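# Breakdown of the fold
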Amino acid sequence: MPVQIDLISRRRFALWQVKESDFFIVHIDNDLEPSETRDQLIAKLDSLHREICDVLAFPDVGNPESLLKLNVWLYADTVLEQAGLITEATPKQFYGAASPAGVHIALHGLDWDSALVIDCIIHEDIHAVLGKNVGEAPSLLNEGIAAYCERMLSRDGSGRLNELREGWMSIHVSEKSGWLRRACQTEEFWQAYNANLPMYEVGGYLVRYIIETQGLDVLKQIFLSSHYMDDSLADKLEQLFGVKLEHIEQQLAA
Ligand SMILES: [Zn+2]
């Protein structure tokens with residue numbers, strides 16, 4: 001798993017300034033200095049969220065009044081310092097996560113509206129929107145759809161979509177056949193991720209293939225019928241495509 005930081009106690013004990021928008025309740029840690037780039041980011045959140053709901057084809061955006069708003073938590077950088085994440089080697093740090101409590105962001109040494117931060121917020125908001133509407137799937141698909149849509153919406157243009165194929169190819173040449181079957185297991189996905197394999201990109205490339213060949217609704221059905229530790233994802237995908245996953249490994253590398 002990626003680094004976990006104790007945000008719960010911070011949420012409980014810090015003081016928060018609250019700003020509401022159409023889709024969000026934004027909680028700003030009182031220890032944060034006023035910042036223009038942060039105000040700009042907050043002003044952008046609703047339109048980013050509309051784009052995300054558009055790309056994921058959720059009608060979320062129709063009527064803001066009927067919605068349960070999403071919490072966004074902007075933490076002071078002390079949470080990164082306390083977790084030992086800010087060192088001389090990494091003077092800049094970004095942390096983003098999504099959970100039932102909302103979207104969590106902490107950063108140090110970066111502007112709140114920099115492309116990296118915006119891409120990460122898009123990524124976490126995608127998790128939040130999916131979680132709310134279709135639940136979770138094994139990480140290969142959770143991270144895959146976030147990695148794919150994040151690049152679709154990227155401020156840096158569509159060039160970032162190539163990273164998905166590059167990730168797939170690099171694993172395909174370095175790993176033994178059967179790697180995709182293993183990546184379907186959430187624990188194995190994170191083991192490979194921790195070994196620095198480009199697992200998000202691999203998931204993103206697979207998600208792109210599912211959407212292009214089967215459609216977004218079919219992908220949502222997989223989410224609806226699945227969960228985080230579901231160990232039948234490989235079977236579900238083989239049923240869907242009518243071929244073995246080892247065949248898909250080859251096919252997408254062609
Ligand atoms: Zn993620």
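What counts and how
- Residues numbered from 1 in each chain as written.
- Predicted model: local features only at pLDDT ≥ 70, side-chain atom pairs only at ≥ 80, totals over all residues.
- Buried ≥ 20, exposed ≤ 12 C-beta atoms within 10 Å, placed from the backbone.
- Helix = DSSP H or I, 4+ residues; strand = E, 2+ residues; numbered from the N terminus.
- Pairing = 2+ DSSP bridges.
- Axes fitted to C-alpha atoms, helices over the stretch in contact; angles between N-to-C directions.

Moving on, we come to the pairing of strand β3 (residues 70-75). Along β3, 5 of the 6 residues are buried, which leaves the element largely enclosed by surrounding structure. Of the pairings in the sheet, the one linking strand β2 (residues 24-29) to β3 comprises 5 bridges and is parallel in character. By the bridge assignment for β3, Phe24 is matched with Leu70. In this sheet, strand β5 (residues 102-108) lies alongside β3 in parallel orientation, the contact comprising 4 bridges. Bridge assignment links Val72 to a residue of β5, and that residue is Val103.

Only a minority of non-glycine residues have a phi that is not negative, and only a minority of peptide bonds are not trans. Phi is positive for Ala57, which is not a glycine, with a value near 55°. Residue Ala57 is classed as exposed on the basis of its C-beta count, with 11 C-beta atoms lying within 10 Å. Positive phi values are uncommon outside glycine, yet Asn196 reaches one of about 70°. Given 7 C-beta atoms within a 10 Å radius, Asn196 is considered exposed.

For the rest of this paragraph, the subject is the sheet that holds strand β1 (residues 16-20). Across a sheet, paired strands are connected by hydrogen bonds in the backbone, their directions being either parallel or antiparallel. Taken together, the 5 strands give an open sheet; going across it, the order is β1-β2-β3-β5-β4, and neighbouring strands pair in mixed fashion. The two strands at the open ends of the sheet, each matched to only one other strand, are β1 and β4 (93-99). Taking the axes of each pair of neighbouring strands and ignoring which way they run, one obtains an average angle of 15° across the sheet.

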